Amino acid sequence: MALFRITSFKFLEFNQVLPVLPVLTRNLSDASTDLKGVLAAKIPQEIEKIKQFRKQYGSKVVGEVTVDMMYGGMRGIKGLVCETSVLDPDEGIRFRGYSIPECQKLLPKAKGGNEPLPEGLFWLLLTGDIPNDAQVQKVSQEWAARAALPSHVVTLLNNFPSNLHPMSQLSCAVTALNTESKFAKAYSSGVPKAKYWEHCYEDSMDLIAKLPVIAALIFRNTYKDGKSVGTIDPKLDWSANFVNMLGVNNTPDFTELMRLYLTIHSDHEGGNVSAHATHLVGSALSDPYLSFAAGMNGLAGPLHGLANQEVLVWLTKLQEQLGADPTDDHVKEFIWKTLKSGQVVPGYGHAVLRKTDPRYTCQREFALKHLPNDPLFKLVNQIFKTVPPILTELGKVKNPWPNVDAHSGVLLQYYGLKEMNYYTVLFGISRALGVLSSLIWDRALGLPIERPKSLSTEGLIKAYSK
């Protein structure tokens, strides 16, 4: 049952936009479905494990830092702790020890669906446990109950000029939600440090719940003149409600794609820009809203979240020059022309990975199942077979294989979401699951403010040029 239908997002009072939704308890009152309670039971055990580990091995050297690392963006320096995921160069991402194919198989799915629900991945990232259907359903219901936006955020979004980039709108809206921060209020009242994580958890749950509503408002205001055909239904999962609010394509296949997309883009260990920025700002005890907004400002950069947009621009140029069905030889020629002009082939290579990105692979499998004859997918598939041998022949590329961005935009285009500037907002919604899970654990473990030591070039020269 849909609780409301939005006829226009422009200049509506808050209670017309999204009334507070009741939590459906039904048969889910069992303590095992209480995510916060499950997490609370695990935190003392983890604190003790780390305490004993540091007591025994705290003086051990983890890695070495070279001058090249210092000038090269700290690439490869081992200096962070991230509990939620680990990125292996040869294997790819693992969420709490589980690969993407394992997550696709083991995480709960919507009734009649085949792709994992992001709610299940969030449970996994926080607890390390694969949740059951009841636990995931409870998270879906809780996010629906927390999704209401305060009126000043709705007013802010409705008054942005339509030419303001969607990521700027997202960052501003999330920052403005800081008025609702339970962590900030608790800190001001002198809450004990051991309780920080509880208020960080509440803020994170609230923020994740509100992000699809913010993102839908941004989309409708920027691209659809403020008109919406979307609905919010507390019986639906997080992704399904988001798809309904977007109003682009309400088919089951697109909803399945969104579930997959929001799951696989969620986390990529702690060193990427959005994860590290969120962690860094949070280490100053800025609340989750301010911390996540910092992460989104990093995600907005062309070297991070904008990459799938650059892939589509490059593919469009290829099609314009070679036509819809180019030969392999013509594709090879275009690729060599791109490389010889000093440009890169967007969507190929990765800062850490040395194999095909598993996130690319699962999207390719989705495409083979749902849109095998789509011209743009066929072109991406053709490039997948063509680019790696060329990059290998070039000899300068450590990883000639495709990453996640080589495919995601093609799938979104197929289902009618053609507004490329909006794609990073989708990335941001997904990334919230990972970076906020990590932020909760940062506060639970009592991690201090991050403050690495910096050196000057002159100092380095004096130290190492003797």
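Residues numbered from 1 in each chain as written. Predicted model: local features only at pLDDT ≥ 70, side-chain atom pairs only at ≥ 80, totals over all residues. Heavy atoms only, no water.

Labelled according to an unreviewed UniProt entry, the protein appears under the name Citrate synthase, originating from Laodelphax striatellus. Among the UniProt annotations of the protein, the heading Subunit (unreviewed entry) holds the following wording: "Homodimer." (UniProt positions renumbered as here; feature names shortened; annotations may be inferred.)

Assigned domains of the protein: these are domain 1 (139-303 + 427-445) and domain 2 (305-415). A separation of 29 Å is found between the C-alpha centroids of domain 1 and domain 2. Of the roughly 1600 Å² buried between domain 1 and domain 2 on both sides combined, carbon and sulfur atoms contribute 67%. Of all residues in domain 1, L257, I264 and H268 give up the largest surface area on contact with domain 2, accounting jointly for 30% of the area buried on that side. Run the count over domain 1 and domain 2 and you get zero salt bridges. Linking domain 1 with domain 2 are two residue pairs in polar contact (both at pLDDT 80 or more), by the criterion used here. Residue assignment for the side of domain 1 that touches domain 2 shows that the elements contributing at least two residues are α12 (252-264) and α20 (423-444). Looking at the side of domain 1 that touches domain 2 element by element, the count peaks at seven residues for α12. Tallied by class, the residues present in the side of domain 1 that touches domain 2 amount to 11 nonpolar, four polar and three charged. (Domains from an automatic or database assignment. Buried area = accessible area lost by both parts, 1.4 Å probe. Salt bridge = Lys/Arg side-chain N within 4 Å of Asp/Glu carboxyl O. Polar contact = N/O pair within 3.5 Å; in protein donor to acceptor, adjacent residues only side chain to side chain. Helix = DSSP H or I, 4+ residues; strand = E, 2+ residues; numbered from the N terminus. Nonpolar A, V, L, I, M, F, W, Y, C, P; charged D, E, K, R; others polar.)

Another aspect to go through is the packing of aromatic side chains. Each aromatic ring pair is characterised by the separation of its centres together with the angle its planes make. Counted under the stated rule, the structure contains 13 aromatic pairs. Ring geometry for W143 versus W238: centroids 5.1 Å apart, planes at 55 degrees, classification tilted. With W143 in helix α6 (residues 133-145) and W238 in helix α11 (residues 238-246), this residue pair connects regions lying 95 residues apart in the sequence. Look at W143 and you get buried, because its relative accessible area is 2%. Plain terms: the ring middles of F183 and Y196 are 5.6 Å apart, the flat faces sit at 70 degrees to each other, and that makes the pair edge-to-face. Of this pair, F183 sits in helix α9 (residues 182-188) while Y196 sits in helix α10 (residues 196-223), placing them 13 residues apart in sequence. (Phe/Tyr/Trp six-rings, centres within 6.5 Å; stacked < 30°, edge-to-face > 60°. Buried < 20%, exposed > 50% of the residue type's maximum accessible area, 1.4 Å probe, protein only.)

Glancing now at helix α19 (residues 405-414). Counting buried positions along α19 gives nine out of 10 residues, so the element sits mostly inside the fold. Taken together, the buried positions of α19 are D405, A406, H407, S408, G409, V410, L411, L412 and Q413. Buried-residue contacts for α19 involve α12, α15 (307-322), α17 (358-370), α18 (375-394) and α20. Phi turns positive one or two residues past the end of α19, at G416, with a value near 95 degrees. (Contact = heavy atoms within 4.5 Å.)

A general tendency of soluble globular proteins is for nonpolar side chains to be buried together. Counting residues in hydrophobic clusters, the biggest one holds 113 residues, and the most contacted among them are W143, L170, F292, L315, I383 and Y422. It is α10 that provides the largest number of residues to this core, a total of 16 residues. Among the domains, domain 1 (139-303 + 427-445) and domain 2 (305-415) are the pair contributing at least three residues each to this core. Ignoring any residue separated from it by four or fewer positions in sequence, one finds I383 in contact with W314, L315, L318, V331, Y348 and P388. (Core = buried A, V, L, I, M, F, W, Y, C linked by side-chain atoms within 4.5 Å.)

When strand β2 (residues 85-88) meets strand β3 (residues 92-95), the two strands line up antiparallel, connected through four bridges. What sits directly across from D88, in β3, is G92. Examined bridge by bridge, β3 and strand β4 (residues 98-99) share two bridges and lie antiparallel to one another. For F95, the partnering residue across the bridge sits in β4 and is Y98. The turn linking β3 back onto β4 is made up of two residues, and R96 within it adopts a positive phi angle of 50 degrees. (Pairing = 2+ DSSP bridges.)

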